[in-house]
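If you want the building blocks of each chain, they are given just below.
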Amino acid sequence: MRRFLLLGGSALLLSGSSALTPAFATTGRVAVPESTPSIELAIRNVEANESAEESPLNRPAAPALPIAAPSDQPRVEPKVRSVSRGQASWYGPGFYGNRTASGEVLRRGTLTAAHRFLPFGTKVRVTNLNNGRSAVVRINDRGPFHGHRVIDLAHGAASELGVVSSGTASVKLEVLR
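Everything quoted here is computed from the prediction, not taken from an experiment.

J.: Explain the pairing of strand 10 (residues 168-176) to me, and be specific about the residues and the numbers.
T.: Here strand 5 (residues 80-91) pairs with strand 10 via 9 bridges, running antiparallel. Its bridge partner being in strand 10, A88 is matched across the sheet by A169. In this structure, strand 7 (residues 123-128) lies alongside strand 10, joined through 5 bridges in antiparallel fashion. Counted as the bridge partner of N128 is V171 from strand 10.

This is the structure:
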């Protein structure tokens, strides 16, 4: 006789043998020796002569949902709220591990940036006008506080745009919705 312990959509197989058997490879069942203390939950006895449709372990699998190919889905471009141009700089190595103005910890390789007044979480597409490379960054810090720069890129965004070696670059900022 087999006993199953049903726990919120999963089942434990309580077998009569004293050895644990690996009966859980694909279905999530765990074989437990009968000598283990019983749990005061719903335990169902399954006899060998029960039909397949009554057994909770022999339910038919849910049909697979079709997945659309990437080419079938139309690409939705985010709407641009405003466009501006100016100088961008970058920061990072001396500030890794410190908290930004939004409270996040600055980590290496993140696509984030500092802006003087845009709300935290705002997505901005930054395009390097010198080489045409662009990246979408998230505003999580305040700055830049040097000269007439419009944005201060974290190291990950700066390397994506090719700004690391030069230090600054002329950029176009597109604030996305």
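Next, the rest of the story.
J.: Please give an account of the nonpolar core that cites residues and values.
T.: What tends to happen in soluble globular proteins is that the nonpolar side chains get buried as a cluster. If you look at the biggest cluster of nonpolar residues, it comprises 19 residues, and the most contacted ones within it are V124, V126, V137, I151, L153, V171 and L173. Secondary-structure elements contributing two or more residues to this core are strand 7, strand 8 (134-141), strand 9 (149-154), helix 1 (155-161) and strand 10. Take this core: its biggest share by element is 4 residues, from strand 10. Those residues in contact with L153, other than ones at most four positions away along the chain, are A88, S89, W90, Y91, T112, A113, V126, V137, A158, L161 and V163.

Scoring rules and cut-offs
Residues numbered from 1 in each chain as written. Predicted model: local features only at pLDDT ≥ 70, side-chain atom pairs only at ≥ 80, totals over all residues. Heavy atoms only, no water. Pairing = 2+ DSSP bridges. Helix = DSSP H or I, 4+ residues; strand = E, 2+ residues; numbered from the N terminus. Core = buried A, V, L, I, M, F, W, Y, C linked by side-chain atoms within 4.5 Å. Buried < 20%, exposed > 50% of the residue type's maximum accessible area, 1.4 Å probe, protein only. Contact = heavy atoms within 4.5 Å.

The analysis is restricted to geometry; functional conclusions fall outside its scope.
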